[in-house]
Amino acid sequence: MSIRLFKTIAFMALLAALAIGSTAPVTARDGDSKHVTRRMALMTSQKAAMDVLTGMMAGRSSFDRDRARAARRQLIRSTGAIRKHFKKAQMDPRSHARPSIWHGWKDFKARADSAEAAARNLSTRSLPALRRTLPSLVQSCLSCHETYRNTPNAFTTH
């Protein structure tokens, strides 16, 4: 198997991992903390924007420069707001945030800055440009989630 094919398969596996999860709308009455609700809404908006871009990149939808630009703008805004939304150490039963965020705040901030930089460097001028620049954003998201996010259970019996 060639290295290029291996990288393509590995990247598609990462995209599939990103696509897993709920995109249900979050409202303030769904839980106890309005602050946590805002954090969850921020992450849901990021996932929606990533879904648009990864769908184009994977060929599930056709490349649309205007939609790609709108998704990029949303990602720049939302990644820039990560630090603000996670500054207060608030937990909620619905939250997937690990308490280690606030114990390792300096590292968490650095990862948020990296995600914002990757969002700003995202090129939506063409499909090849998107395919070239989106992997660094995907990697910065996954890196932070692997360290600071509890993986929700996919299946519950109650």
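Predicted, not measured: the structure shown is a model, and the values here were computed from it.

*Asks:* It is not clear to me how the overall build of the protein chain should be interpreted in this structure. Could you clarify?
*Replies:* Broken down by element type, the protein chain carries 7 helices and 0 strands. In sequence order, the protein chain lays out its α and β elements as α-α-α-α-α-α-α. When contacts within the protein chain are restricted to residue pairs at least 6 apart in sequence, those whose partners lie at least 24 apart make up 73%. Of the roughly 9700 Å² that the protein chain leaves accessible, carbon and sulfur atoms contribute 56%.

*Asks:* Just checking my understanding: could you explain the packing of helix α2 (residues 34-58) against helix α3 (residues 65-80) for this structure?
*Replies:* When two helices pack together, you describe them by how their axes are tilted relative to each other and by the distance separating the axes. Following both chains from N to C, one finds α2 and α3 inclined at 150°, their axes separated by 9 Å at the closest point. When the axis of α2 is compared with that of α3, the two are roughly antiparallel. Note that α2 runs across α3; the crossing there is left-handed. In this structure, α2 uses L42, S45, Q46, A49, M50, V52, L53 and M56 to contact α3, whose residues at the interface are R67, A68, A71, Q74, L75, S78 and T79. Residue composition of the contact of α2 with α3, grouped by class: 9 nonpolar, 5 polar and 1 charged.

*Asks:* I'm lost on helix α7 (residues 127-148) in this one. Help?
*Replies:* Helix length check: α7 (22 residues) gives 31 Å between terminal C-alpha atoms against 32 Å at 1.5 Å per residue, within 8%. Residues of α7 that are buried: A129, L130, T133, L134, L137, V138, S140, C141, L142, C144 and Y148. The residue sitting at the N-terminus of α7 and contributing the capping side-chain oxygen is S126; that oxygen lies 3.2 Å from the backbone nitrogen of A129.

*Asks:* Hey, could you run me through the packing of aromatic side chains in this one?
*Replies:* We describe a pair of aromatic rings using the distance from one ring centre to the other and the angle between the two ring planes. Inspection of every chain in the model, using the stated rule, returns 3 aromatic pairs. With a centroid separation of 5.4 Å and an interplanar angle of 85°, the aromatic rings of F108 and Y148 are classed as edge-to-face. One end of the pair, F108, is in helix α6 (residues 105-120); the other, Y148, is in helix α7, with 40 residues separating them in the sequence. Each member of the pair, F108 as well as Y148, carries the same accessibility label: buried. Here the aromatic residues F86, W105, F108 and Y148 are joined through ring pairs into a cluster of three or more.

*Asks:* Looking at this model, I keep getting lost on the side chain of T37. Mind explaining?
*Replies:* In this structure, T37 sits in helix α2. Only 2.8 Å separates the side chain of T37 from the side chain of R94, close enough to count as a polar contact.

*Asks:* I would appreciate a short explanation of the pattern of salt bridges in the present structure.
*Replies:* Two side chains with opposite charge may pair up if their charged atoms get near one another. Evaluation of the coordinates by the stated rule reveals 5 salt bridges. As a salt-bridge pair, R111 and D107 come within 2.8 Å of each other at their nearest N and O atoms. Of this pair, R111 and D107 both sit in helix α6, 4 residues apart, which is roughly one turn of that helix. Note on D107: relative accessible area 32%, which makes it partly exposed. Connected through shared salt-bridge partners, R83, D113, E116 and R120 make up one network.

*Asks:* What's the story with the confidence of the model for the protein chain in this structure? I'm lost.
*Replies:* Detailed reading of predicted coordinates is not advised where the pLDDT is low. Looking at the protein chain, pLDDT values average 83 and 75% of them are 70 or higher. Ranking the elements of the protein chain by mean pLDDT puts helix α1 (residues 3-19) last with 54 and α3 first with 97.

*Asks:* Honestly, α6 in this entry has me stumped. Any pointers?
*Replies:* Each α-helix winds once per 3.6 residues, and so residues spaced three or four apart point in a common direction. Taking 1.5 Å per residue as the helical rise, α6 with its 16 residues ought to reach 22 Å, and the 22 Å between its terminal C-alpha atoms agrees with that figure. The set of residues buried in α6 consists of F108, A112, A115, E116, A118 and A119. Seen along its axis, α6 keeps its buried residues to an arc of 160°; they face one direction. Considering only its buried residues, α6 is in contact with α3, α4 (82-86), α5 (100-103) and α7.

Rules used throughout
Residues numbered from 1 in each chain as written. Predicted model: local features only at pLDDT ≥ 70, side-chain atom pairs only at ≥ 80, totals over all residues. Heavy atoms only, no water. Helix = DSSP H or I, 4+ residues; strand = E, 2+ residues; numbered from the N terminus. Contact = heavy atoms within 4.5 Å. Areas by Shrake-Rupley, 256 points an atom, 1.4 Å probe, with all protein chains shown as cover. Axes fitted to C-alpha atoms, helices over the stretch in contact; angles between N-to-C directions. Parallel < 35°, antiparallel > 145°, perpendicular 65-115°, else oblique. Left-handed = near helix turned anticlockwise from the far one by under 90°. Nonpolar A, V, L, I, M, F, W, Y, C, P; charged D, E, K, R; others polar. Expected span 1.5 Å × (residues − 1). Buried < 20%, exposed > 50% of the residue type's maximum accessible area, 1.4 Å probe, protein only. Polar contact = N/O pair within 3.5 Å; in protein donor to acceptor, adjacent residues only side chain to side chain. Phe/Tyr/Trp six-rings, centres within 6.5 Å; stacked < 30°, edge-to-face > 60°. Salt bridge = Lys/Arg side-chain N within 4 Å of Asp/Glu carboxyl O. pLDDT = per-residue confidence, 0-100. Arc of directions from axis to C-beta.

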